Amino acid sequence: MLKNYFKIAWRNLQRHKAYAFINVIGLSLGIACGILIFTLLSYHLSFDNFHNNKERIYRIVSDYNYGGSVEHQQGVQQPFGKAFRDDYSFTEKVARVVVYNSALITLPGEKELKKFNEEKGVAFVEPEFFDVFNFLLVQGDKKTALTEPNCAIITEQTAKKYFRTENAIGKIISYSFSAKKIDCKITGILKDLPNNTDRKQEIYVSYSNLKDRDPRLAKDDNWGSVRSSMQCFVLLKLGVSKADAEKIFPAFKKKYLGAEDAKITTFKLQPLSDIHFNTDYDGYADKKYLWALAFIGIFLIATACVNFINLATAQALNRSKEVGVRKVLGSMRLQLFWQFIAETALITLFAVVLAYGLALLALPYLNDLFQTKMAINLFTNIQLAVFLVLLIALVVFLSGSYPGLVLTRFQPVQALKGKLSQKNIGGFSLRRILVVAQFAISQMLIIGTIVVASQMHFSKTTDLGFNKDAIVMLPIPLTDSTGKTRMQTLKNRLAEVGGVGDVSFCSEAPASESVHATDLHYSNHPKAEPFDVSVKIGDNQYVKTFGIKLAAGRNIFPADTVREFLVNETLVKKLGLRNPQDIINKNITIGEATAPVVGVVKDFYTQSFHSDIDPICIMPVYKNYFNCAVKINLKDTKPTLSAFEKIWNETYPEYLYSYQFLDERIAKFYTLDNIMLKLIEAFACIAIFIGCLGLYGLVSFMALQKTKEIGVRKVLGASVQNILWLFGKEFTRLLIIAFVVAAPIAWWVMNKYLLDFKYRINIGIGIFVLAILSTFAVAAISVGYRSIKAAIANPVKSLRTE
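Here, residues in each chain are numbered from 1, in the same order as that chain's written sequence. With the structure being a predicted model, the display of local features is reserved for residues of pLDDT at least 70 and the display and counting of side-chain atom pairs for 80 or more, all residues being used for whole-chain, interface and lining totals. Here the side-chain values reflect all heavy atoms present in the structure, with hydrogen atoms and water set aside.

Engineer: Explain the overall build of the protein chain residue by residue, including any values.
Structural biologist: Each helix is a run of H or I in the DSSP string that is no shorter than four residues. Each strand is a run of E no shorter than two, and both are numbered from the N terminus. From N to C terminus, the protein chain includes 27 helices and 25 strands. Partly exposed describes any residue whose relative accessible area lies between the buried limit of under 20% and the exposed limit of over 50%, with all areas from a 1.4 Å probe on protein chains only and scaled to the type maximum. Looking at the 802 residues of the protein chain, the share that counts as buried comes to 52%. Between two residues, a contact is recorded if the distance between any of their heavy atoms is within 4.5 Å. In the protein chain, the share of contacts with a sequence separation of at least 24, taken over all contacts with a separation of at least 6, comes to 79%. Residue exposure ignores everything except the shown protein chains as possible cover, and the areas themselves are Shrake-Rupley values with a 1.4 Å probe. Carbon and sulfur atoms make up 57% of the accessible area of the protein chain, which amounts to about 37,400 Å² in all.

Given below as structure tokens:
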């Protein structure tokens, strides 16, 4: 019986090739998107879930409440881990880790000097780190590998990169920084880290060497400094809950923090499963974006199923005599139903095979977009196999059930006499509803695309309050006592290069992901202000190079240390001052430096548009000049950059040269938003294409059904425009209804998206007008060819059978 079902199904598909083609293409596109989205979701939801005790692993994070504004910090004070371990017994393991990015590694034991810039950085970790996390050591003993100073663990691929062999035990690597270096013996080889972990460092150095890297940070009484890179992980004992562990924090902070700091500080345990998704603590992406993609995948598959149902019910009349004959010959309704389900299953299987191939072709582009190494393998990924089986069953049920029920309820006498009409299959009402649903989905995606694109355009074109164009950022290594001389030499030589304008030394550009926040004392007040100030280290050319405008006072004079301050308008407002001039010549204290404010700069955006403008203080500290900003003429970019490389390498021969344009660095603020934009654009195009396939199929069927009606109308004097309107009025009405449904839903969803931006566009009526016009244009193109062909057909040919 099954063989017969599929045999007849195959014949029907061969007889109706256009019908089969439209359904296979539509379903394959929807299912391919479903496979890709499922792969993406599975990949991100699997982050760090391979650790044996993942439910008991937590990171301790800090929140600071400054009179209503809360600052979230994924780090804690350096002594926190040791004090927590010593004071409480409900933890099985406590491990501290400090990460330093962009580490310069050399190999002192090799014949040839080799330099490696490890962008992922170096992690100083306690031995317990490898008890908390299940990263496998293939060589060495995790219990002893990092107990002694000057020891390091590296991954297999790092060992191959450095020494061309995985057997690197006993080899020496040198970590260089600030004209100093730490020589470490390799005491362990780590199995290459899986892709689905947020721990990206491939070099782990003994924590006891932290005092060599940063003596101040390493002090056990340093409770006044918090860094995002200084983190503490705990493995709770069995039976200890998160709530139980957090009960000790109020007493803990009172014991180790000052009274004022204890009031504003809150410590929390962050579950390991939350780290990848909590953007408050520098997570990769909020889960809501993943669920948004999941819903888009469901919508695309639903859109393809709608096509199938529409075309199947539209063709039901053509198969009425077939159903009538089968019923007369004794076929039961259930048999006829399963016959149609078999056809649906055959189409779906073809679509799934094609979708799997399309997904494999698209995966490299998705990996490139997300900078990941995801894989699609049906034979090794059980979750994907189960997903596809369930998806096939769902698509077959959704697509085949209603058309099957419609066909099986035909009365055989009426079917054989040809007296069935659209009323016998429910008229056009269901197809109208499905077309409305299909294009409502498409229009929601179009509106979403326009909103995200508009916000990204706003981010790129809005005046940031400083100049980001044509500025090259060169790194400045922290060197020995010759550092100051080298910087001056570099500046003088760069200024001589043709096409160079201004040159400034600074810690970071005006807008940066790296934020150094500290407390502020105003006008010699003993008590700190109830907000942190973001410190920008820059010389007297900083304002000029970046085009920052003064609102009051003057620029700072040349100096190597803090003698004067510049502040921004936001800081003035935070202090409750009405006029920028009111702060001029008033003393403020930042850290250990006290000096007068000599100028107020106009506000500029200090981070991405996701964040508020911070209170800013600009001051010169030459020891903290990590970058050299150079304004250039873009017409001479290539020779200018070549000259920069030559000068830089001659000035700092022991370091690796690199550069970056400031506008490229700022563009990275919106990496995830741009990824989402590209995905929504692609999915919107696919949804529209699937919808247009369905429209084309429906119009073709309508043209066939109305062939004689069109002939009669033309004979009676109807023009081509009248015939076109016969087709267009129905779909115009449906598209308008779809827009009425889609617009408020899309407005609500995209308004939620824009709330993540502190500075954002307004969703104006123009966005909705553009969305409906673009939908009409695409729909007109889809139905236009078939409608025009029917409208200009010779009426004699259509009527001569009468």
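Once the structure has been displayed, the description carries forward.
Engineer: Describe the pattern of salt bridges, naming the residues involved and giving the relevant values.
Structural biologist: Each salt bridge in this description consists of a side-chain nitrogen of Lys or Arg and a carboxyl oxygen of Asp or Glu lying within 4 Å of one another. Scanning all chains against the criterion turns up 24 salt bridges. Glu55 is the salt-bridge partner of Lys54, the closest N and O atoms lying 3.8 Å from each other. Given the relative accessible area of 56%, Glu55 is considered exposed. Of the charged contacts in the structure, one is a salt bridge between Asp502 and Lys544, with a shortest N-O distance of 3.5 Å.

Engineer: Account for the packing of aromatic side chains, with residues named and values stated.
Structural biologist: Pairing of aromatic side chains requires ring centres within 6.5 Å, counting the rings of Phe and Tyr and the six-membered ring of Trp. Pairs whose planes differ by under 30 degrees are stacked, by over 60 edge-to-face, and all others tilted. Per the stated rule, a full pass over the model turns up 44 aromatic pairs. Between the aromatic rings of Phe458 and Phe609, the centroid separation amounts to 5.4 Å while the plane-to-plane angle is 65 degrees, which identifies the pairing as edge-to-face. Of this pair, Phe458 sits in helix 17 (residues 429-461) while Phe609 sits in the loop between strand 22 (593-601) and strand 23 (616-619), and the two are 151 residues apart along the sequence. Taking relative accessible area as the criterion, Phe458 reaches 24% and is therefore assigned partly exposed. With a centroid separation of 5.3 Å and 50 degrees between ring planes, the pair formed by Trp648 and Tyr652 is classed as tilted. Feature note: the residues Phe80, Phe84, Tyr88, Phe90, Trp223, Phe249, Phe252, Tyr256 and Phe267 constitute an aromatic cluster, connected by ring pairs. Any Lys NZ or Arg CZ that is within 6 Å of a ring centre and within 35 degrees of that ring's normal is treated as a charge sitting over the ring. Over the aromatic face of Tyr289 sits the side chain of Lys288, whose NZ or CZ is 5.8 Å from the ring centroid. The residue whose ring lies beneath Lys484 is Tyr622, and the NZ or CZ to ring-centre distance is 5.5 Å.

Engineer: Can you tell me about helix 18 (residues 483-495), naming the residues and giving the values?
Structural biologist: An α-helical segment advances 3.6 residues per turn. Residues three or four places apart therefore align on the same side. The span you would expect from a helix comes to 1.5 Å times its residue count less one. For helix 18, built from 13 residues, the straight-helix expectation of 18 Å at 1.5 Å per residue is met to within 8% by its first-to-last C-alpha distance of 18 Å. Along helix 18, the residues classified as buried are Gly483, Arg486, Met487, Leu490, Lys491 and Leu494. For helix 18, the buried positions fall inside an angular range of 135 degrees around the axis, keeping them on one side. By construction, the arc corresponds to the directions joining the helix axis to the C-beta atoms.

Engineer: I'd love a proper account of the side chain of Asn278, names of residues and values included.
Structural biologist: Structurally, Asn278 can be placed in the loop between helix 11 (272-275) and helix 12 (287-314). Under this definition, polar contacts are N or O atom pairs within 3.5 Å; protein pairs additionally need one hydrogen-donor-capable and one acceptor-capable atom, and for neighbouring residues in sequence, both atoms have to be side-chain atoms. Within the local environment of Asn278, its side chain forms a polar contact with the backbone nitrogen of Asp280, the two atoms lying 3.1 Å apart.

Engineer: Provide a residue-level description of the sheet that holds strand 24 (residues 627-632), including the pertinent values.
Structural biologist: Read across the sheet, 4 strands follow the order 15-24-14-25 without closing on themselves; strand pairing throughout is antiparallel. The open sheet has two edge strands with one neighbour each: strand 15 (500-506) and strand 25 (660-661). Looking at chain direction, strand 15 and strand 24 are connected through 5 bridges and run antiparallel. Looking across to strand 24, one finds that Cys506 is bridged to Asn627. Against the sheet, helix 18 makes contact with strand 14 (471-475), strand 15 and strand 24, and its axis sits at roughly 165 degrees relative to strand 15, the strand it touches most. Taken strand by strand, helix 21 (residues 637-651) contacts strand 14, strand 15, strand 24 and strand 25, and its axis lies near 20 degrees from that of strand 14. In this analysis, strands are considered paired if DSSP registers two or more bridges between them. In this analysis an axis means a line fitted to C-alpha atoms, helices contributing only their contacting stretch, and an angle means the value between N-to-C directions, from 0 to 180 degrees.

Engineer: Could you give me a rundown of helix 21, with the residues and numbers involved?
Structural biologist: In this model helix 21 runs 21 Å from its N-terminal to its C-terminal C-alpha over 15 residues, within 8% of the 21 Å that 1.5 Å per residue would give. If you check which residues of helix 21 are buried, you get Thr637, Thr640, Leu641, Phe644, Ile647, Trp648 and Thr651. Around the axis of helix 21, the buried residues are gathered within 130 degrees of arc, so they sit on the same side. More than 90 degrees from the buried face of helix 21, the exposed residues found are Lys638, Pro639 and Lys646. Next to the buried residues of helix 21 lie strand 14, helix 18, strand 15, strand 24 and strand 25.

Engineer: Describe unusual backbone geometry, naming the residues involved and giving the relevant values.
Structural biologist: Of note in the backbone geometry, Asp282 takes a positive phi value of approximately 65 degrees without being a glycine. Here Asp282 is to be found in the loop between helix 11 and helix 12. By relative accessible area, Asp282 is classed as exposed at 60%. We note that Ala470 has phi near 60 degrees; this positive angle belongs to a residue other than glycine.

Engineer: Now, about a nonpolar patch on the surface: what can you tell me, with residues and values included?
Structural biologist: On the surface, Ile737, Val741, Ile745, Trp747, Trp748 and Val749 cluster together into a nonpolar patch covering about 550 Å² of accessible area. As for its placement among the helices and strands, Ile745 is situated in helix 25 (residues 720-754). The patches described consist of residues with a relative accessible area above 30% and no salt bridge, like charges being joined within 9 Å and nonpolar side chains (Val, Leu, Ile, Met, Phe, Trp, Tyr) within 5 Å.

Engineer: Quick one: what's the story with the nonpolar core, residue by residue and with numbers?
Structural biologist: As used in this record, nonpolar core signifies buried Ala, Val, Leu, Ile, Met, Phe, Trp, Tyr and Cys residues forming a set joined through side-chain atoms within 4.5 Å. Ranked by internal contacts, the top residues of the largest apolar core, which has 118 residues, are Leu27, Leu293, Phe466, Phe546 and Phe683. In terms of residue count, the dominant contributor to this core is helix 23 (residues 671-705) (15 residues). Apart from the residues lying within four places of it in its own chain, the contact partners of Phe683 are Cys33, Ile37, Leu293, Ile296, Leu300 and Leu445. Formed by 46 residues, the second largest nonpolar core is a distinct cluster that contains Leu494, Ala593, Met619 and Tyr625.

Engineer: Could you give me a rundown of the environment of Leu384, with the residues and numbers involved?
Structural biologist: The topology assignment puts Leu384 in helix 15 (residues 382-408). Residue class for Leu384 comes out buried when judged on its relative accessible area of 2%. With 346 residues separating them along the chain, Leu384 and Phe38 place their C-alpha atoms 7.8 Å apart. The contacts of Leu384, once residues within four sequence positions are left out, are Ile35, Phe38, Ile376, Asn377 and Leu378.

Engineer: Can you explain the packing of helix 18 against helix 21? Please cite residues and give values.
Structural biologist: Put simply, helix 18 and helix 21 touch, their axes get as near as 10 Å, and they point 160 degrees apart. Overall, the two elements helix 18 and helix 21 adopt an arrangement that is roughly antiparallel. Viewed along their axes, helix 18 and helix 21 form a crossing whose handedness is right-handed. Every residue of helix 21 that contacts helix 18 at Arg486, Leu490, Arg493 and Leu494 is listed here: Phe644, Lys646, Ile647, Trp648, Glu650 and Thr651. Classification used: nonpolar for Ala, Val, Leu, Ile, Met, Phe, Trp, Tyr, Cys and Pro, charged for Asp, Glu, Lys and Arg, polar for all others including Gly. Here the residues of the contact of helix 18 with helix 21 sort into 5 nonpolar, 1 polar and 4 charged. Orientation labels follow simple angle bins: below 35 degrees gives roughly parallel, above 145 gives roughly antiparallel, 65 to 115 gives roughly perpendicular, and whatever is left gives oblique. The handedness criterion is simple: a crossing whose near helix is rotated anticlockwise from the far helix by less than a right angle is left-handed, and one whose near helix is rotated clockwise is right-handed.

Engineer: Break down the layout of surface pockets for me, with residues and values.
Structural biologist: What the second largest pocket holds in volume is close to 710 Å³. Space inside and on the surface of the protein is sampled on a 1 Å grid over the protein atoms alone, with a cavity defined as a set of points where a 1.4 Å probe fits but cannot get out and a pocket as an open set with protein on both sides within 12 Å along at least 5 of 7 lines; lining residues have an atom within 4 Å of a point. Lining the second largest pocket are 23 residues; nearest its centre among them are Lys288, Ala292, Ile296, Val749 and Met750. The class makeup of the residues in the lining of the second largest pocket is 18 nonpolar, 2 polar and 3 charged. Grid points are joined across faces, edges and corners, and a volume is the space filled by probe spheres set on the points.

Engineer: Run through the environment of Gly591, naming residues and quoting values.
Structural biologist: Tracing the backbone through its elements, the reader meets Gly591 in the loop between strand 21 (587-590) and strand 22. The sequence separation of Gly591 and Leu520 amounts to 71 residues, and the corresponding C-alpha distance is 7.5 Å.

Engineer: Any chance you could break down the packing of helix 3 (residues 80-87) against helix 9 (residues 249-256) for me, citing the residues and the numbers?
Structural biologist: In a packed pair of helices, the relevant descriptors are the angle between the two axes and the axis-to-axis distance. For the pair helix 3 and helix 9, interaxial distance at closest approach is 12 Å and the crossing angle is 120 degrees. What the angle tells us is that helix 3 and helix 9 run oblique. Regarding helix 3 and helix 9, the two cross each other, and that crossing is right-handed. Here Phe80, Ala83, Phe84 and Asp87 of helix 3 come into contact with helix 9, specifically with Phe249, Phe252, Lys255 and Tyr256. Class assignment of the residues belonging to the contact of helix 3 with helix 9 gives a composition of 6 nonpolar, no polar and 2 charged.

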